Amino acid sequence: MCGLPLHDPRPHSASVMVNLLGDIWFDADGTIREPAWNALYAVPNLVLRLYGKRHPRHGRKMGHFTVVDKHLDDALPVALAARCAIGIRAGF
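Because the structure is a prediction, the values reported are computed rather than measured.

How each quantity is defined
- Residues numbered from 1 in each chain as written.
- Predicted model: local features only at pLDDT ≥ 70, side-chain atom pairs only at ≥ 80, totals over all residues.
- Heavy atoms only, no water.
- Helix = DSSP H or I, 4+ residues; strand = E, 2+ residues; numbered from the N terminus.
- Expected span 1.5 Å × (residues − 1).
- Buried < 20%, exposed > 50% of the residue type's maximum accessible area, 1.4 Å probe, protein only.
- Arc of directions from axis to C-beta.
- Contact = heavy atoms within 4.5 Å.
- Pairing = 2+ DSSP bridges.
- Axes fitted to C-alpha atoms, helices over the stretch in contact; angles between N-to-C directions.
- Core = buried A, V, L, I, M, F, W, Y, C linked by side-chain atoms within 4.5 Å.
- Salt bridge = Lys/Arg side-chain N within 4 Å of Asp/Glu carboxyl O.

A few points about helix 2 (residues 72–85)
Taking 1.5 Å of rise per residue, 14 residues should cover 20 Å, and helix 2 covers 20 Å from first to last C-alpha, within 8% of that figure. Within the span of helix 2, buried status applies to Ala75, Ala79, Ala82 and Arg83. For helix 2, the buried positions fall inside an angular range of 100° around the axis, keeping them on one side. Here the buried face of helix 2 lies against strand 1 (14–21), helix 1 (38–41), strand 2 (46–50) and strand 3 (61–69). Remark: Gly87 follows helix 2 within two positions and exhibits a positive phi of approximately 95°.

Written out as structure tokens, the structure is:
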């Protein structure tokens, strides 16, 4: 647009994003409880974003977290372990 040269489009990092659905707010008996966010706050390179929705519902997107690292091979196992730490058991 401006006639300036383009930079080399290379990635500077890899990231893995995990959506947080309202399902994780419910115990096995259906009681609403807050997930264990402290487990996520302790993970280096993990950023948690909660959307401020007041009422969780099954299937409702309540937030997400992102793990950033130099290589995908390093970010992915961290994200998978963080999912388990807050009760997400399903596969990809």
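After that view, the rundown keeps rolling.
Regarding the sheet that holds strand 1
Strand pairing in a sheet relies on backbone hydrogen bonds. The paired strands run either parallel or antiparallel. Within the open sheet, the three strands sit side by side as 1-3-2. Their pairing is antiparallel. In the strand order of this sheet, the two ends are held by strand 1 and strand 2, each with one partner. The average angle at which neighbouring strand axes cross in this sheet is 15°, direction not considered. The sheet contact formed by strand 1 and strand 3 spans eight bridges and is antiparallel. Considered in strand 3, the bridge of Ala14 is made with Asp69.

Quick word on unusual backbone geometry
Glycine aside, negative phi is the norm for most residues, and most peptide bonds take the trans geometry. Phi is positive for Asn45, close to 65°, though the residue is something other than glycine. Mapped onto the elements, Asn45 comes out in the loop between helix 1 and strand 2. Residue classification places Asn45 among the partly exposed positions, given a relative accessible area of 47%.

Notes on the nonpolar core
Grouped together as the largest cluster of nonpolar side chains are 19 residues, with contacts concentrated most on Leu20, Trp37, Leu40, Leu46, Phe65 and Ile86. Of all elements in the fold, only strand 1, strand 2, strand 3 and helix 2 reach the threshold of two or more residues within this core. Once residues within four sequence positions are removed from consideration, Leu40 is found in contact with Leu46, Leu48, Phe65, Ala82 and Ile86.

Remarks on the pairing of strand 3
Sheet topology places strand 2 next to strand 3; five bridges connect them, and they run antiparallel. Bridge pairing in strand 3 links Val47 to Thr66.

A few points about the pattern of salt bridges
If you walk through the whole model with that rule in mind, you get two salt bridges. We note a salt bridge from Asp8 to Arg10, for which the minimum N-O separation is 3.4 Å. Taking relative accessible area as the criterion, Arg10 reaches 63% and is therefore assigned exposed. Here Asp27 ties to Arg33 by a salt bridge, and the two come within 2.6 Å at their closest N and O atoms.

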